[in-house]
Amino acid sequence: MDTNSDAQEPSPAKGSGNAAAGNNRKSMPWLTIFAWVWVFICFTAAMGVILEGGILAPLFMVAMGLLALPPLWRQLAMHGYGIPAWPRVGITFFLMVIFPSSPSANSIDEETAEVEAEATEEPEQRVDPVAEKLALLQEKIVQNAVIEMDRNDYAKTYAKLGEAQFDNANNLMRWAAIAAAESKQCDQVEIVDVSDRATRSELQWFVDCKNKERFQIKQAQAEAAKGKYDPDATPQQRKAAKQVAVAEPKSARWKNFNEAIAVTACQSLVRSAMINQGSFDTAWGWDSEKNDDTGIVTIQQDFEAENGFGGTISSRYHCEVDTNLAGRITTLKIREINGWRDLI
């Protein structure tokens, strides 16, 4: 019967699919071999890119591999979803063409190139801030400002200091210049020489700057400059150098000195020594002299006062103020007929 014959008819979808797959395997075995080789290449390449950190490229490679994977397309063909081999080959070539030109691929390639360039590039040399500061200080020292002493030319200095300190004075002379150059009040170091105050127990140098500022650099200050900037300085020397203040010019000792207050203090003491204090009268001006080395200010001023007989006498006082002792008056005397009389 027609109904029986209709019931026994096989399913066209599955039957035709199996037949097609079988025919393909028999007619194109070389294509299957090529497909497996291609799958191996794509999957291997994808794994390599994944290990290097790639994301999008492995997806393209896996997709191209799946388009050729024989078991996948055999199963799809058995269920009626098969695509002939040649269209799949065409899609694969299409993916191979569009992938290198895609923005994502280009950005990946650029990033990879940058990473590789950074890896192969020689590491940038770091700038040593200490060496950089030393170079700036050395630029403030004019040529021939630092000249080491010769024993024959400095025979007296050699005899005074002895061999060890004489050599030490030469070795530290450069650092004495650096110690002065550290100060903003020195625009340019012009002269460096051993001071007359140098002894076998403590060296000293005078350093003259272009702006007429003079520095008296002590041995500890020169050694501190060396401890700060010498590349061969030990950690202990660098630590000790930080405890020494930056050198100041001799003029800096007067920054807190008020001459008018010092004159008033001198006048007050002279007045207190007068028999008739009310008769004490000073001239309008006074003479003063500042000693940058000692920090002592000498003030002299003319005055008039009554003596014990009621007569007016003209005289002059001499007053010395020590800035190292917070402006204390250390010497006070007045001029009389027979000479100077000490009040302090």
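Further up the page is the structure itself.
In short, a report on the structure. Predicted model, so just to flag it, every value in this text is computed and none were measured. (Residues numbered from 1 in each chain as written. Predicted model: local features only at pLDDT ≥ 70, side-chain atom pairs only at ≥ 80, totals over all residues. Heavy atoms only, no water.)

**Here we look at the overall build of the protein chain**
- Broken down by element type, the protein chain carries twelve helices and nine strands.
- When burial is assessed residue by residue, the protein chain has 32% of its 344 residues classed as buried.
- A separation threshold of at least 6 residues defines the contact pool for the protein chain, and within that pool the share at least 24 residues apart is 51%.
- When the accessible area of the protein chain is evaluated, it comes to approximately 22400 Å², of which 55% is carbon and sulfur surface. (Helix = DSSP H or I, 4+ residues; strand = E, 2+ residues; numbered from the N terminus. Buried < 20%, exposed > 50% of the residue type's maximum accessible area, 1.4 Å probe, protein only. Contact = heavy atoms within 4.5 Å. Areas by Shrake-Rupley, 256 points an atom, 1.4 Å probe, with all protein chains shown as cover.)

**Observations concerning the packing of aromatic side chains**
- Applying the stated criterion across every chain yields a total of four aromatic pairs.
- Judged by centre distance (5.2 Å) and plane angle (75°), the ring pair of Tyr-158 and Phe-166 falls under edge-to-face.
- Pairing Phe-280 with Phe-303 gives two aromatic rings, centres 5.2 Å apart and planes at 40°, and the pair type is tilted. Highlighted residues: Phe-280 in the loop between α12 (259-272) and β4 (281-282) and Phe-303 in strand β6 (residues 296-306), separated in sequence by 23 residues.
- Cluster of aromatic residues (ring-pair linked, three or more members): Phe-280, Phe-303 and Tyr-317.
- One Lys or Arg, Arg-174, reaches over the ring of Trp-175 and ends 4.3 Å from the middle of that ring. (Phe/Tyr/Trp six-rings, centres within 6.5 Å; stacked < 30°, edge-to-face > 60°. Lys NZ or Arg CZ within 6 Å of the ring centre and 35° of its normal.)

**Overview of the nonpolar core**
- Judged by nonpolar contacts, the single largest core of 32 residues is most densely connected at Ile-178, Val-189, Val-194, Trp-205, Phe-215 and Ile-217.
- Elements that contribute at least two residues to this core include exactly α8 (129-139), α9 (155-181), β1 (189-194), β2 (204-209), β3 (214-218) and α10 (219-229). (Core = buried A, V, L, I, M, F, W, Y, C linked by side-chain atoms within 4.5 Å.)

**Quick notes on the sheet that holds β1**
- Strand order in the open sheet formed by three strands is β1-β2-β3, with antiparallel pairing between adjacent strands. Lying at the two open borders of the sheet, with one neighbouring strand each, are β1 and β3. Direction aside, neighbouring strands of the sheet carry axes that sit 20° apart on average.
- Here five bridges tie β2 to β3, and the two strands are oriented antiparallel to one another. Paired with Gln-204 across the two strands is Lys-218, which belongs to β3.
- Sheet strands touched by α9: β1, β2 and β3. Its angle to β1, the strand with the most contacts, is close to 160°.
- The sheet contacts of α10 involve β2 and β3, and relative to β3 the element is tilted by about 85°. (Pairing = 2+ DSSP bridges. Axes fitted to C-alpha atoms, helices over the stretch in contact; angles between N-to-C directions.)

**What about empty space enclosed by the protein?**
- A full pass over the atoms with the stated rule returns one cavity of 30 Å³ or more.
- Approximately 50 Å³ is the volume found for the largest cavity.
- Lining the largest cavity we find Ala-179, Glu-182, Gln-221, Ala-224, Ala-225, Lys-228, Val-244, Ala-245, Val-246 and Ala-247.
- Looking at the lining of the largest cavity element by element, the count peaks at four residues for α10.
- Grouping the constituent residues of the lining of the largest cavity by class yields seven nonpolar, one polar and two charged. (1 Å grid on protein atoms, 1.4 Å probe; cavity = no way out; pocket = protein on both sides within 12 Å on 5 of 7 lines; lining within 4 Å. Points joined across faces, edges and corners; volume = space filled by probe spheres on them. Nonpolar A, V, L, I, M, F, W, Y, C, P; charged D, E, K, R; others polar.)

**Brief notes about the packing of α9 against α10**
- The contact between α9 and α10 brings their axes to 8 Å, and the two run at 65°. As the angle between them shows, α9 and α10 are arranged roughly perpendicular. Judged by the twist between their axes, the crossing of α9 over α10 is left-handed. Taking contact as the criterion, the partners of Gln-165, Asn-168, Leu-172, Trp-175, Ala-176, Ile-178 and Ala-179 in α9 are, on α10, Gln-219, Gln-221, Ala-222, Glu-223, Ala-225, Lys-226 and Tyr-229.
- Class assignment of the residues belonging to the contact of α9 with α10 gives a composition of eight nonpolar, four polar and two charged. (Parallel < 35°, antiparallel > 145°, perpendicular 65-115°, else oblique. Left-handed = near helix turned anticlockwise from the far one by under 90°.)

**Brief notes about the side chain of Gln-165**
- Its location among the elements puts Gln-165 in helix α9.
- Among the residues examined, Gln-165 registers a relative accessible area of 11% and is labelled buried.
- Of note is the side chain of Gln-165, whose polar atom sits 3.2 Å from the side chain of Asn-168.
- Here the side chain of Gln-165 touches Arg-200 through a polar contact of 3.2 Å, landing on its backbone oxygen.
- Excluding its chain neighbours within four sequence positions, the residues that come into contact with Gln-165 are Thr-199, Arg-200, Ser-201, Glu-202, Leu-203 and Gln-219. (Polar contact = N/O pair within 3.5 Å; in protein donor to acceptor, adjacent residues only side chain to side chain.)

**Some points on a nonpolar patch on the surface**
- Taken together, the side chains of Ile-33, Val-37 and Ile-41 present a nonpolar region at the surface, about 270 Å² in accessible area.
- Along the polypeptide, Ile-41 turns up in helix α3 (residues 29-51).
- The partly exposed category is assigned to Ile-41, whose relative accessible area is 44%. (Patch = residues over 30% accessible without salt bridge, like charges linked within 9 Å, V, L, I, M, F, W, Y side chains within 5 Å. Salt bridge = Lys/Arg side-chain N within 4 Å of Asp/Glu carboxyl O.)

**Observations concerning the pairing of strand β8 (residues 328-336)**
- Judged from the six bridges that link them, strand β7 (residues 312-322) and β8 form a sheet pairing that is antiparallel. Pairing of Tyr-317 across the sheet is with Ile-334, part of β8.
- Across four bridges, β8 lies against strand β9 (residues 339-342) in antiparallel orientation. Bridging from a neighbouring strand, Glu-336 pairs with Gly-339 of β9.
- What sits between β8 and β9 in their antiparallel hairpin is a turn of two residues.

Keep in mind these numbers describe shape, not what the thing actually does.
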